[in-house]
Amino acid sequence: MSEPISALNHASFEGIAKVEECGLQGMITLRGDLSDKALAKAVKDATGQKMPGQREAFVEGESGVCWMSSDELLVLVPYAEVDAKLAAMTKTLSGTHSLAVNVSDARAVFRVSGTSAREVLGKIAPVELSAEAFQPGQIRRSRLAQIAGAFWMDDTETFRVVCFRSAADYAFNLLKVAAQPGSEVGIY
Amino acid sequence: MSTRLANQGRLIDRSKQVTFSFNGTSMQGYEGDTLASALLANDQMMMGRSFKYHRPRGVVASGAEEPNALVGLGQGNRFEPNQRATTTELFNGLTSISQNHWPNLEFDIGSINTHLSRFLPAGFYYKMFIHPKPFWKHVYEPFIRQSAGLGKAPDKDNRDADTYEHFYHFTDVLVIGGGVAGLQAAKVAAASGAKVMLIEQTAHWGGRAPVDGGTINDEPVDKFVEQLVSELEAMDNVTMRNRCMGAGVYDHGYVLGYERLTDHKPGTQGPRHRLWRIRAKQVVTATGAIERPLSFAGNDVPGVMLASAMRDYVVNWGVTPGDRVIVATNNDDAYRTAIILKQAGVEVLRIVDARTTAGPLADEARQLGIQVDPGKAIAKVKGGKRVKKVELCNQEGIGGAREEVECDAVAMSGGWSPVVHMWSHCGGKLIWDEAQAHFRPDPSRPPLGADGEGFVLAAGSSNGPLALGDVLTDADAAGKAAAKAAGFTAKRTKAPVGETTAEAPMAAVWLMPANAEIGLRMKSWLDFQNDVKVSDVQLAAREGYESVEHTKRYTTLGMATDQGKLSNINGLAILADALDSEIPKVGTTTFRPPYTPISLASIGGEARGEVFQPIRQTPMHNWHDKNGADWEPVGHWRRTYAYVRPGESVHDAVNREVKNTRENLGLLDASTLGKLIVKGPDAGKFLDMMYTNMMSTLKVGKCRYGLMCSENGFLIDDGVVARIDEDTWLCHTTTGGAERIHGHMEEWLQTEWWDWKVYVANVTEQYAQVAVVGPNARKVLEKLNAQAGGGMDVSKEALPFMEWRDGKIGAFDARAYRISFSGELSYEIAVPASQGQAFWDALMDAGKEFGVMPYGTECLHILRAEKGFIMIGDETDGTVIPQDLGLHWALSKKKEDYLGKRAHTRSHMADPDRWKLVGLETVDGSVLPDGAYAVGEGVNANGQRNMIGRVTSTYYSANLGKGIAMGLIKHGPDRMGEIVEFPGTDGKTYKAKIVDPIFYDKDGEKQNV
């Protein structure tokens, strides 16, 4: 196997917030009945996390689970472990109607950090991002200007932003524009 | 003359001089000036010319309602036309030019129109330019375009130097307008604990109350404003933005705020404008009121101004528009202007009051020595580029027995109209207030939210009350009501007490003098920018225009860039009178966003330059770019049309790729093809419904080409389906089809077959997919395997045509499909996207000895056309069914049902006259024009030649050395060998023979080796 390379190979930019491409992140799309015990076990085994509720994301570093819809989860595992985790998950779920599929390479992941990080996202996503409304532990599937995207917070000043790999270049440039120097909004 | 006063000017800083230019002349102003106040301070009364008659125009207002003082602002890549001087803050180095004139402002050829005005009445254009017909295009339109049209568009080679952005904001209560009403409403709303946003279009808080005077809680208004602002600034739940205009109110509490961040300091880092996209539970509009002009002859002469504006120029900027002023009014408020002017040392010659009685302010004016003339009117203002004298007469009558008074400025006041725009944008209704002669919001009919309750409240003078005390009481109540409606409990506090001199009732005066004769009415302007006069609206009424909306369009009343902020009420009052109707019956025209024009760039926001539009890139995008890719957009993807080598034309490159792929080895980046995983116990049943052919019987390890129709039977997509395991299929879609077909599948699963156990996932971008095509395809894969110990057996026996295998190819985890869209030996190989470039590199490297060349989409198209393979989007256009394309073999007869099956039995679908797919070959080997129609015998009912088909795909085939094409032809398959004519748009007629659409390797031997 050759060395896998993420869409933008760790590009970064510093403006009113820091924007970095995070590199490769293992991701599994898991579809099924979220109230099913086997599903919960598969998630727990893979990530150590419990089943998230609506718009919740339980993420520690490169592992975690995000609620994507009423029958879909995004499971995060270290990139190198994704095949093994997927195999284990498929085994746990044998006999349970579900779909678990590796989508690690279909995505690009960015980190947006700094005191103005909320404002940078607030320029491109129609989402309420005040501290009262959005905190670590939550996720939003929304849009980033003209593309689909999702994001959660690793801490109170750090977002992780996920989009499709083909749009990585657009997403990075978009985040750069939104984080351009002198563009603080002064809201959050 | 208009000049700077020695004192006054609460908004300017006299210690900070600012240099700017107007029409190339350098001028001085102060920090805090608007461009309008600075121009007046430099005695530049005339600031532009009107749209139709090119009449001299001076500033008439002091704020957003200004119709006249529009300038071209800035230079080069910061030039912007039609900027209002009254809302442009002065800065050092500002350059401005006036508009609507040629050759210059002082002398203008177009102003001859004003002498022709008798011949240019309302509806002139409609009446005149109908006949003769060809004149419109060749004479009238070029002439009108030349003479009309406000400011110049920026130079086409310049690019806006600034950036713009959007910002999404959510609040409980949004207060629009930062005057005393808005401040008070915000304060009481915020005191309830609600999250409040307060926006104000100017750079200053407090609105016009500090100019108008009076006291609040026994303190000067300025002081009250200062205190309130600092209180609000200290509250964590309050967001305040000045230079931020409420532009529009929309459904569901959605409001646009237009923030001008650097207009007053161009070149500053950061965005120039920010468009706030606000969701508010409740909106309070505290947008104030606008004074109305009076309609008298010559009310458009520079130097005639709204009384309130004149007051603003004195108090705010220390500027007087004249030395000797006459005030004309129908209300007490204008007396304040006279008093302030007099106190500032300006001579006030007369107060001409259309009423017979006035309130205490009149006594105050008299005590200052100002002559008050009750029951009088202005008959006519004289002067061209500047007021020279005024003829006075009695208000009652037709304007005889005039007295002439020399003066250089006229202040006029026709009463006040609440700014009801924000209330009205989303459906708030108005009522006519007889006492104040204005429309104001009807509180019982507010704009309604999703819950059927009102979500907008009007506050202060925008709600009707005009006296300071009433304004504050009203705003206080509105702020509390908004907090309550947003789910909070307002505190029981007392409203501030505002006190001003009591006023006598105003009188509705729509024309001055009341029965002005026609000569006067023809010079009494309603719409200053568009040159609509009292006589025009009256003419429209006589010609049968009863609806105010029709009159507006016929006369262009209120259709200028100020959208009739000054003219609408006066105009409809004149219309009502002419129709012998009542004003509320005539009604208003529709108030539409934005309140004043906002920059297009702010609407675009960040979407410009490299983020104008997302461009989807495959993992090998950069390689293609470095290797001569001539790009083609396919959906949002960019795909390589051809890889052009130095010295080659694109056409040369395509021909080279076409020949090389058939003779040696070609590589195609097929990553953009959609890949959908469909899994579940019911997946086979589901796919049998989705596709016209049978997918449930497909064996694991095999592939099948499938067609998809909509429920109306039309082809919507095609692609190869692979069965991965017992309950998993992988469906390839077209490049543009992945998201669409994914949505299509989800829709059927979620709405129709919700109980079927099927999950779908779009894994398109998980894989880089490379088509390895040509006689040497197997050799290069075997070489890779030999080099890096790849274990996948790619031999004919181990991996036959239309099958797939997982395994290692070279060093790569791969899934190889033996499928062919070219007719050659072909493998489509999917590897993880993050290894796509490495895989491509390995193939290019190993392929050298086999003559490898990458090929683009045009080569792909030609190869498939040589084989007669159809392409969704070329052979289909949303009206084509599989039967049209000879694809009957893909329509399962065994299946009870599939999407489109029933539709195919409809009479028009089964019609034998439908155009059917055939191959086309020109008789001389040339290439048919794409999209050309085939013509048959005779003409149709419109006298056009009957059409019997069209070209759907056409190429030059380098392999065959001639043009080849496909087309849909009526009875085509039954007409093999016939010659059909295709008239081209180049005037030539192309002749082509109907042939079999498969031009190359009819038996498919080359792909099955």
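Residues numbered from 1 in each chain as written. Chains lettered and ligands numbered in written order. Predicted model: local features only at pLDDT ≥ 70, side-chain atom pairs only at ≥ 80, totals over all residues. Heavy atoms only, no water.

Draft legend 1. Examining the overall build of chain A more closely. For chain A, the count of helices and strands is four helices and eleven strands. Relative to the compact-globule value of 16 Å for 188 residues, chain A shows a C-alpha radius of gyration of 16 Å, a close match. Across its three principal directions, the C-alpha atoms of chain A cover 55 × 40 × 25 Å. Across the 188 residues that make up chain A, the buried fraction comes to 59%. Contacts spanning at least 24 positions in sequence make up 61% of the contacts within chain A whose residues lie at least 6 apart. For chain A, the exposed area adds up to about 7,100 Å²; of that, 48% sits on carbon and sulfur atoms. Separation of charge centres in chain A, based on 19 positive and 23 negative side chains, amounts to 4 Å. (Helix = DSSP H or I, 4+ residues; strand = E, 2+ residues; numbered from the N terminus. Rg over C-alpha atoms; globule rule 2.2 N^0.38 Å. Buried < 20%, exposed > 50% of the residue type's maximum accessible area, 1.4 Å probe, protein only. Contact = heavy atoms within 4.5 Å. Areas by Shrake-Rupley, 256 points an atom, 1.4 Å probe, with all protein chains shown as cover. Lys, Arg positive; Asp, Glu negative; His and termini not counted. Charge placed at Lys NZ, Arg CZ, Asp CG, Glu CD.)

Draft legend 2. Quick peek at the side chain of aspartate 162 of chain B. Residue and element names in this part refer to chain B. Relative to the elements of secondary structure, aspartate 162 occurs in the loop between helix H4 (133-147) and strand E9 (164-176). Owing to a relative accessible area of 8%, aspartate 162 belongs among the buried residues under this scheme. Once residues within four sequence positions are removed from consideration, aspartate 162 is found in contact with Arg78, Arg272 and Arg608.

Draft legend 3. Broad picture of the sheet that holds strand E6 (residues 72-77) of chain A. Residues and elements named next belong to chain A. The sheet built from five strands is open, its strands ordered E4-E5-E6-E3-E7 with antiparallel pairing. The two strands at the open ends of the sheet, each matched to only one other strand, are strand E4 (57-60) and strand E7 (99-102). Within the sheet, the average angular offset between the axes of one strand and its neighbour, ignoring direction, is 20°. Examined bridge by bridge, strand E3 (residues 26-31) and E6 share six bridges and lie antiparallel to one another. Looking across to E6, one finds that isoleucine 28 is bridged to valine 75. Contacting E3, E6 and E7, helix H2 (residues 82-92) runs over the sheet at an angle of about 20° to E3. (Pairing = 2+ DSSP bridges. Axes fitted to C-alpha atoms, helices over the stretch in contact; angles between N-to-C directions.)

Draft legend 4. View of the pattern of salt bridges. Per the stated rule, a full pass over the model turns up 70 salt bridges over all chains. Between arginine 31 of chain A and glutamate 746 of chain B there is a salt bridge, and its shortest N-O distance comes to 2.6 Å. Here arginine 31 of chain A, found in strand E3, pairs with glutamate 746 of chain B, found in helix H22 (residues 738-752), and the two come from separate chains. Here the salt bridges share partners, and the residues they tie into one network are Arg208, Asp212, Arg311, Asp312, Asp333, Arg336 and Glu503 of chain B. (Salt bridge = Lys/Arg side-chain N within 4 Å of Asp/Glu carboxyl O.)

Draft legend 5. Highlighting the packing of helix H14 (residues 534-542) of chain B against helix H15 (residues 548-555) of chain B. All names here are of chain B. At their nearest, the axes of H14 and H15 sit 10 Å apart, and the two run at 125° to each other. By the angle between their axes, H14 is oblique relative to H15. In this structure, H14 meets H15 at a crossing whose hand is right-handed. Residues Asp536, Val537 and Ala540 of H14 touch H15, and the partners they reach there are Thr551, Tyr554 and Thr555. Residue composition of the contact of H14 with H15, grouped by class: three nonpolar, two polar and one charged. (Parallel < 35°, antiparallel > 145°, perpendicular 65-115°, else oblique. Left-handed = near helix turned anticlockwise from the far one by under 90°. Nonpolar A, V, L, I, M, F, W, Y, C, P; charged D, E, K, R; others polar.)

Draft legend 6. Layout of the domain arrangement of chain A. Residues and elements named next belong to chain A. When its domains are assigned, chain A resolves into domain 1 (12-22 + 106-178) and domain 2 (26-105). Each of domain 1 and domain 2 has a C-alpha centre, and these two points are 22 Å apart. Each partner contributes to the interface: domain 1 provides twelve residues, whereas domain 2 provides 18 residues. A buried area of about 1,200 Å², summed over both sides, lies between domain 1 and domain 2, and 56% of it is on carbon and sulfur atoms. (Domains from an automatic or database assignment. Buried area = accessible area lost by both parts, 1.4 Å probe.)

Draft legend 7. Region of interest: H22 of chain B. For H22 of chain B, spanning 15 residues, the distance from its first C-alpha to its last is 21 Å, which sits close to the expected 21 Å at 1.5 Å a residue. Within H22 of chain B, the full set of buried residues consists of Ala738, Ile741, His744, Met745, Glu746, Trp748 and Leu749 of chain B. (Expected span 1.5 Å × (residues − 1).)

Draft legend 8. Expanded view of the packing of aromatic side chains. All names here are of chain B. Enumeration over the complete set of coordinates arrives at 20 aromatic pairs over all chains. When the centroid spacing of 4.0 Å and the interplanar angle of 15° are considered together, the rings of tyrosine 545 and tyrosine 554 count as stacked. For tyrosine 545, a relative accessible area of 26% corresponds to the partly exposed category. Judged by centre distance (5.8 Å) and plane angle (5°), the rings of phenylalanine 821 and phenylalanine 869 are stacked. Here phenylalanine 869 lies in the loop between helix H25 (857-866) and strand E47 (915-922) and phenylalanine 821 lies in the loop between strand E44 (812-817) and strand E45 (826-832), a separation of 48 residues in the sequence. The partly exposed category is assigned to phenylalanine 821, whose relative accessible area is 27%. Looking at arginine 818, its charged tip hangs above the ring of tyrosine 827, at a distance of 5.5 Å from the centre. (Phe/Tyr/Trp six-rings, centres within 6.5 Å; stacked < 30°, edge-to-face > 60°. Lys NZ or Arg CZ within 6 Å of the ring centre and 35° of its normal.)

Draft legend 9. Structural context of the sheet that holds strand E11 (residues 158-164) of chain A. Residues and elements named next belong to chain A. As summarised here, the arrangement of the six strands in space is E1-E2-E8-E11-E10-E9, forming an open sheet in which the pairing is antiparallel. Each edge of the open sheet is held by one strand with a lone partner, namely strand E1 (12-14) and strand E9 (139-144). Shown here is a sheet whose adjacent strand axes are inclined to one another by a mean of 20°, direction ignored. Note that E1 and strand E2 (residues 18-21) share three bridges and pair antiparallel. Within E2, the residue paired with serine 12 across the bridge is glutamate 20. The strands touched by helix H4 (residues 168-178) within the sheet are E1, E2, strand E8 (107-113), E9, strand E10 (147-155) and E11, with E8 carrying the most contacts at an inclination of about 10°.

Draft legend 10. Representation of unusual backbone geometry within the structure. Residue and element names in this part refer to chain B. Residues methionine 512 and proline 513 are joined by a peptide bond in cis, for which omega reads -10°. By secondary structure assignment, the location of proline 513 is in the loop between strand E31 (498-499) and helix H13 (518-521). Of note, asparagine 82 is a non-glycine position whose phi angle comes to about 60°, a positive value. As for its position among the elements, asparagine 82 is in strand E7 (residues 80-84). Residue class for asparagine 82 comes out partly exposed when judged on its relative accessible area of 25%. Backbone geometry at glutamine 563 places phi at a positive 55°, although glycine is not the residue there.

Draft legend 11. Highlighting the side chain of aspartate 717 of chain B. Residues and elements named next belong to chain B. When you line up the elements, aspartate 717 lands in strand E39 (residues 715-725). Aspartate 717 gets classed as buried once you look at its relative accessible area, which sits at 2%. Here threonine 734 takes part through its side chain, which lies 2.5 Å from a polar atom of the side chain of aspartate 717. Reaching out from aspartate 717, the side chain makes a polar contact with the side chain of arginine 740 at a distance of 3.4 Å. Each residue touching aspartate 717, except ones within four places of it in the same chain, is listed here: Gly706, Leu707, Met708, Thr733, Thr734, Gly737, Arg740, Ile741 and Ile872. (Polar contact = N/O pair within 3.5 Å; in protein donor to acceptor, adjacent residues only side chain to side chain.)

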